[in-house]
Every structure is written in structure tokens, then in C-alpha cells.
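Structural description and commentary
The residues making up each chain are set out below.
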Amino acid sequence: MKDDSYDYAKEFEERKKYANLTEACPVCGSIVFEKRLDDDVCPVCGWCDTDIQCEDCPDEDNLENFMSLNQAREAWKRGEKVH
Ligand SMILES: [Zn+2]
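Residues numbered from 1 in each chain as written. Predicted model: local features only at pLDDT ≥ 70, side-chain atom pairs only at ≥ 80, totals over all residues.

Quick notes on the overall build of the protein
What the protein contains, in helices and strands, is 2 helices and 4 strands. Its C-alpha atoms give the protein a radius of gyration of 12 Å, within 12% of the compact-globule value 12 Å for 83 residues. The principal-axis extent of the C-alpha atoms belonging to the protein is close to 35 × 25 × 25 Å. Each of the 83 residues in the protein was classed as buried or not, and the buried ones make up 25%. In the protein, the proportion of contacts linking residues at least 24 apart, taken out of those at least 6 apart, comes to 23%. (Helix = DSSP H or I, 4+ residues; strand = E, 2+ residues; numbered from the N terminus. Rg over C-alpha atoms; globule rule 2.2 N^0.38 Å. Buried ≥ 20, exposed ≤ 12 C-beta atoms within 10 Å, placed from the backbone. Contact = placed C-beta atoms within 7 Å.)

A few points about the nonpolar core
Of all hydrophobic cores here, the largest spans 14 residues; its most connected members are Cys25, Val27, Cys42, Cys45, Trp47, Ala72 and Val82. When residues of this core are traced back to their parent elements, those giving at least two are β2 (31–33) and α2 (69–77). Of all the elements, α2 adds the most residues to this core, at 3 residues. If we skip the residues at most four places from it in the chain, Ala72 touches Val27, Trp47, Asn65, Met67 and Val82. (Core = buried A, V, L, I, M, F, W, Y, C linked by C-beta atoms within 7 Å.)

What about the environment of Phe66?
Summarising the element assignment, Phe66 is placed in the loop between β4 (48–49) and α2. Phe66 sits 16 residues away from Val82 along the chain, and the two C-alpha atoms are 8.4 Å apart. With sequence-adjacent residues up to four places away left out, Phe66 is seen in contact with Asp61 and His83.

Topic: the environment of Val41
Turning to its location among the elements, Val41 is positioned in strand β3 (residues 40–41). Given 25 C-beta atoms within 10 Å, Val41 falls into the buried group. In this structure, the C-alpha to C-alpha distance between Val41 and Val27, residues 14 residues apart in sequence, is 11 Å.

Remarks on α2
Along α2, the residues classified as buried are Leu69, Ala72 and Trp76. Along α2, the residues classed as buried sweep out an arc of 60° about the axis, all on the same side. Phi turns positive, to about 85°, at Gly79, one or two residues after α2. (Arc of directions from axis to C-beta.)

Notes on unusual backbone geometry
Although it is not a glycine, Asp39 sits at a positive phi angle of roughly 60°. As for its placement among the helices and strands, Asp39 is situated in the loop between β2 and β3. C-beta crowding within 10 Å serves as the criterion here: with 11 such atoms nearby, Asp39 is assigned to the exposed category. One non-glycine residue, Asn62, lies in the positive phi region at around 60°.

Here it is as C-alpha cells:
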């Protein structure tokens with residue numbers, strides 16, 4: 001389970017120094033991942049990119065992310081934080 005008190009943005013600053021980031025977050029579209037579905041957390045919107053909540057199962061909620069992928073996309077569009 002991801003930890004909302006953890007500073008993922010700071011971790012991302014470190015990671016992008018050596019990682020080749022080419023993959024987009026499925027929620028906010030930012031290029032923040034080296035590889036998809038690797039349980040990394042997007043530093044922009046807070047989505048955890050996990051294969052148990054992906055495009056194949058966009059309505060699964062309450063797993064790594066409290067929101068489902070579809071709920072997270074709606075929240076992001078409304079300008080809300082993804083949980
Ligand atoms: Zn994102």
C-alpha cells in the first residue's frame with residue numbers, strides 16, 4: 001500500500017537522475033516512469049502504477065490506490081488529488 005505521508009516527489013527527483021523515463025502516467029499523462037506497471041508512484045498526481053489497477057481492470061479500487069483508475073482520472077480532471 002502506498003504511504004501518503006511519504007515524499008514521492010523527492011524520491012522521483014533522485015530517480016530521474018539515472019533512470020530513462022519514457023512511460024506516461026495513466027492518470028495525468030506525465031512522463032514519469034521508466035517502465036509501466038512497476039508499482040512506482042507518480043510524483044505529479046500520486047497514482048501508484050500497478051498491474052492490479054491498470055487499463056485491463058480500470059474499475060478495481062481499494063488496492064494499492066484507494067481510487068480505481070477511472071475514478072483517479074475523473075478526480076485528476078476535476079483538479080483533485082489522487083489517493
Ligand atoms: Zn500521474
